[in-house]
Amino acid sequence: MVATLEYSSQPGAPEQAVAEHIKQAFANPKATKPLNALKNVPGDTIQEPLHRLFLDQKRLERNRAVAVRECKRYWGANYTDGGKECDEFPFASTYEGSAIEEYDTHVERNNFSVLPIPGDQNGAGGTLLRGFYNANRLIDGPEDGFIVKIN
């Protein structure tokens, strides 16, 4: 069984910016940063689910570092002005995160999306994600896949 994480893109939703970012990554991945004409971001179908990364904290930190590097690359070192944070999808807490190509040479390069978004929205999205992991008892690794839906 594949669990489904739902984010709301409705006006006023605490995680609206996260949801809009993920929606863009699914609907028009080639328009997201980093650039990649072959980009096909996973996580929206049961054929290409995401998988929780929990036990390898160095890899999780590397996913975050790669995402931040790309935010700085495209929006400059001051991308955090106004309280923004670098949102990444697939999530840093998944094996499909932004550093995947450093661990699996057979994957498409730059097959992820980053976007500076308001920090409070990014925090709300992270809180929902952690609650989802706990509520669905998702374990580290390929046994527990999940998908993301935006409403």
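Our structure's up above, just so we're on the same page.
Conventions used here
- Residues numbered from 1 in each chain as written.
- Predicted model: local features only at pLDDT ≥ 70, side-chain atom pairs only at ≥ 80, totals over all residues.
- Heavy atoms only, no water.
- Core = buried A, V, L, I, M, F, W, Y, C linked by side-chain atoms within 4.5 Å.
- Buried < 20%, exposed > 50% of the residue type's maximum accessible area, 1.4 Å probe, protein only.
- Helix = DSSP H or I, 4+ residues; strand = E, 2+ residues; numbered from the N terminus.
- Axes fitted to C-alpha atoms, helices over the stretch in contact; angles between N-to-C directions.
- Parallel < 35°, antiparallel > 145°, perpendicular 65-115°, else oblique.
- Contact = heavy atoms within 4.5 Å.
- Phe/Tyr/Trp six-rings, centres within 6.5 Å; stacked < 30°, edge-to-face > 60°.
- Lys NZ or Arg CZ within 6 Å of the ring centre and 35° of its normal.
- Expected span 1.5 Å × (residues − 1).
- Polar contact = N/O pair within 3.5 Å; in protein donor to acceptor, adjacent residues only side chain to side chain.

*Asks:* What is the right way to read the nonpolar core from this model?
*Replies:* Soluble globular proteins tend to pack their nonpolar side chains together in the buried interior. Grouped together as the largest cluster of nonpolar side chains are 20 residues, with contacts concentrated most on Leu5, Tyr7, Ile22, Phe89, Phe91, Phe146 and Val148. Elements supplying a minimum of two residues to this core: β1 (3-7), α1 (16-27), α4 (119-135) and β5 (145-150). Here this core gets six residues from one element, more than from any other, and that element is α1. Formed by eight residues, the second largest nonpolar core is a distinct cluster that contains Cys86, Ala99, Phe112 and Val114.

*Asks:* Would you explain the packing of α1 against α4 in this entry?
*Replies:* Two numbers describe a pair of packed helices, the interaxial angle and the distance between the axes. Running from N to C, α1 and α4 cross one another at 80°; their axes reach a closest spacing of 7 Å. It follows that α1 is roughly perpendicular to α4 by the angle criterion. Where α1 approaches α4, its residues Gln16, Ala17 and Val18 are matched on the opposing element by Gln121, Asn122 and Gly125.

*Asks:* Is there a simple way to think about the packing of aromatic side chains in this case?
*Replies:* The final tally for this structure, using the stated rule, is seven aromatic pairs. Between Phe89 and Phe91, the aromatic rings sit 5.0 Å apart at their centres with planes inclined by 85°, giving edge-to-face as the arrangement. Taking the relative accessible area as the measure of exposure, Phe89 reaches 0% and is therefore buried. Put simply, the rings of Tyr7, Phe26, Phe89 and Phe91 pair up and form one aromatic cluster. Above the ring of Tyr103, the side-chain terminus of Arg59 is found at 4.2 Å from the ring centroid.

*Asks:* In this structure, what is going on with α4? I would like to understand it.
*Replies:* Residues spaced three or four apart along an α-helix point in a common direction, a consequence of the helix completing one turn every 3.6 residues. Compared with the 24 Å implied by 1.5 Å per residue over 17 residues, the 24 Å span of α4 between its first and last C-alpha is a close match. Tucked inside the fold, the buried residues of α4 contact β1, α1, β3 (84-89), β4 (113-118) and β5. Of the residues trailing α4, Arg137 is marked for its positive phi of about 50°.

*Asks:* I tried to follow unusual backbone geometry on my own but got confused; where do I start?
*Replies:* Leaving glycine out, the prevailing phi sign among residues is negative, and the prevailing peptide bond configuration is trans. With omega at 0°, the peptide bond leading from Lys33 into Pro34 counts as cis. Assignment of secondary structure puts Pro34 in the loop between α1 and β2 (50-51). Residue Phe89 is joined to Pro90 through a cis peptide bond whose omega torsion reads 0°. Inspection of the secondary structure puts Pro90 in the loop between β3 and α3 (100-103). Phi is positive for Asn110, close to 50°, though the residue is something other than glycine. Positionally, Asn110 belongs in the loop between α3 and β4. Positive phi values are uncommon outside glycine, yet Arg137 reaches one of about 50°. Turning to its location among the elements, Arg137 is positioned in the loop between α4 and β5. According to the relative accessible area criterion, Arg137 is exposed, its value standing at 69%.

*Asks:* For this particular structure, what's the right way to read the side chain of Ser93?
*Replies:* Along the chain, the position of Ser93 falls in the loop between β3 and α3. When its relative accessible area of 12% is taken as the criterion, Ser93 is described as buried. In this structure the side chain of Ser93 is engaged in a polar contact, spanning 2.8 Å, whose partner is the side chain of Tyr133.

In short, the description is geometric, and any link to function would need to be established separately.
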